Amino acid sequence: MKKIVISADIVSSTALQTVDKQLLEKSLQSLLQDLNKSMSTFGRIIKGDSLEIVIPKPQDGLKAAIAIKSFVKTLPINIESYEEGKFRAQHFKTHGVRLAMGYGELERFVPEDGIIDGEAIYLSGRAISNMHTYNKERITIKNTLFFESKNETLNNTMLPILELLDVLLSKATEKQCMVLYLKLLGHSETEIAKKMQIDQSVVNRHSTNVGWNAIDTTVSYFSNLMKNRK
């Protein structure tokens with residue numbers, strides 16, 4: 001049975017200060033635990049700023065991808081305090097993480113031994129490695145969400161969806177992203193209000209402003225698209 005593997009790397013992670021890098025790595029551990037609890041995923045952190053995550057049910061792939069994207073943007077990193085690397089760090093605040101979903105077979109998947117081997121991870125890893133977003137002199141980030149499979153029709157279907165989500169999420173605030181993240185994990189607005197210690201009306205406003213209804217519809221569309229694929 002085919003799976004989705006997400007390969008992800010943090011945008012401009014080398015520009016972050018040491019204390020923020022430590023916060024990032026600790027937070028990514030928490031992210032992996034949340035995803036495992038919500039979607040039975042298996043994930044690992046590589047070199048402190050990259051992720052590989054197996055999504056057992058392909059229909060959960062886009063939900064997991066948006067959850068990862070929104071979570072990273074919730075991190076309370078104040079780049080205004082930066083004296084050096086502030087320009088590059090701003091790209092982290094805007095985009096957070098760059099990720100690719102690879103859809104295909106996994107010939108070997110042994111979580112207890114940390115083995116992920118097969119078409120799905122090759123596709124996601126290749127997509128990430130081929131999408132260079134910056135060099136030492138100039139940063140250019142156009143897209144940070146990708147989908148790769150051997151089905152070009154499916155790839156072309158996902159391309160405009162991901163480009164629109166990219167624009168939407170790049171404009172989202174930390175609090176909007178937190179509401180989005182918790183909603184994607186299945187929390188109600190009442191539960192979110194309690195967790196964030198804010199009024200439910202504020203949660204609802206953040207939800208509306210981040211485009212929750214459109215995102216929820218898109219996640220459902222992707223889920224239905226993938227459910228009947230073999």
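The structure we're discussing is the one just above.
About the criteria used
The numbering scheme is per chain: residues are counted from 1 as the chain's sequence reads. For a predicted model such as this one, the threshold for reporting local features is a pLDDT of at least 70, and the threshold for listing and counting side-chain atom pairs is 80 or more; totals across whole chains, interfaces and linings nevertheless cover every residue. To get the side-chain values, take all heavy atoms of the structure and skip hydrogens and water. Note on definitions: angles span 0 to 180 degrees between N-to-C directions of axes, and those axes are lines fitted to C-alpha atoms, for helices only across the stretch in contact. Each helix corresponds to a stretch of at least 4 residues labelled H or I by DSSP, and each strand to a stretch of at least 2 residues labelled E; elements are numbered beginning at the N terminus. Throughout this description, any angle smaller than 35 degrees is read as roughly parallel, any larger than 145 degrees as roughly antiparallel, any in the 65 to 115 degree range as roughly perpendicular, and the remainder as oblique. We call two residues in contact whenever any of their non-hydrogen atoms come within 4.5 Å of each other. Lys, Arg, Asp and Glu make up the charged group, whereas Ala, Val, Leu, Ile, Met, Phe, Trp, Tyr, Cys and Pro make up the nonpolar group; the residues left over, Gly among them, are polar. Pairing between strands is defined by DSSP: at least two bridges between the two strands are required. Stacked, edge-to-face and tilted labels apply to pairs of Phe, Tyr and Trp rings (six-membered ring for Trp) whose centres lie within 6.5 Å, assigned for plane angles under 30 degrees, over 60, and everything in between, in that order. Here the term buried applies to any residue with accessible area under 20% of the maximum for its type, exposed to any over 50%, and partly exposed to those in between, with areas from a 1.4 Å probe on protein chains only.

Draft legend 1. Broad picture of the packing of helix α6 (residues 174-184) against helix α8 (residues 200-210). In contact at an axis separation of 9 Å, α6 and α8 are set at 95° when each is read in the N-to-C sense. In this view, α6 runs roughly perpendicular relative to α8, as classed from their interaxial angle. Contacts between α6 and α8 involve Lys 175, Gln 176, Val 179, Leu 180 and Lys 183 on the former and, on the latter, Val 203, His 206, Ser 207, Asn 209 and Val 210. Each residue belonging to the contact of α6 with α8 can be placed in one class, and the counts come to four nonpolar, four polar and two charged.

Draft legend 2. Expanded view of the sheet that holds strand β2 (residues 42-46). Taken together, five strands build an open sheet; the order of strands is β2-β3-β1-β4-β7 and the sheet is mixed. Only two strands of the sheet have a single partner each, and these edge strands are β2 and β7 (145-148). Strand after strand, the sheet turns through a mean of 15° between neighbouring axes, direction not considered. Pairing of strand β1 (residues 3-10) with strand β4 (residues 97-104), which is carried by eight bridges, proceeds in the antiparallel orientation.

Draft legend 3. The packing of aromatic side chains, seen in detail. Within this structure, the stated rule accounts for four aromatic pairs. Ring centres of Phe 147 and Phe 222 lie 6.2 Å apart, and the angle between their planes is 80°; on these two criteria the pair is classed as edge-to-face. Remark: Phe 222 occurs in helix α9 (residues 212-227) and Phe 147 occurs in strand β7; sequence separation between them is 75 residues. Take Phe 222: its relative accessible area is 0%, and that puts it in the buried class.

Draft legend 4. Inspection of the pairing of β1 at higher detail. Burial within β1 is extensive, with eight of its eight residues counted as buried. Neither face of β1 is left uncovered, since the one carrying Lys 3, Val 5, Ser 7 and Asp 9 and the one carrying Ile 4, Ile 6, Ala 8 and Ile 10 both have all their residues buried. In this sheet, strand β3 (residues 50-55) lies alongside β1 in antiparallel orientation, the contact comprising six bridges. When the bridges of β3 are listed, Ile 4 appears paired with Ile 55.

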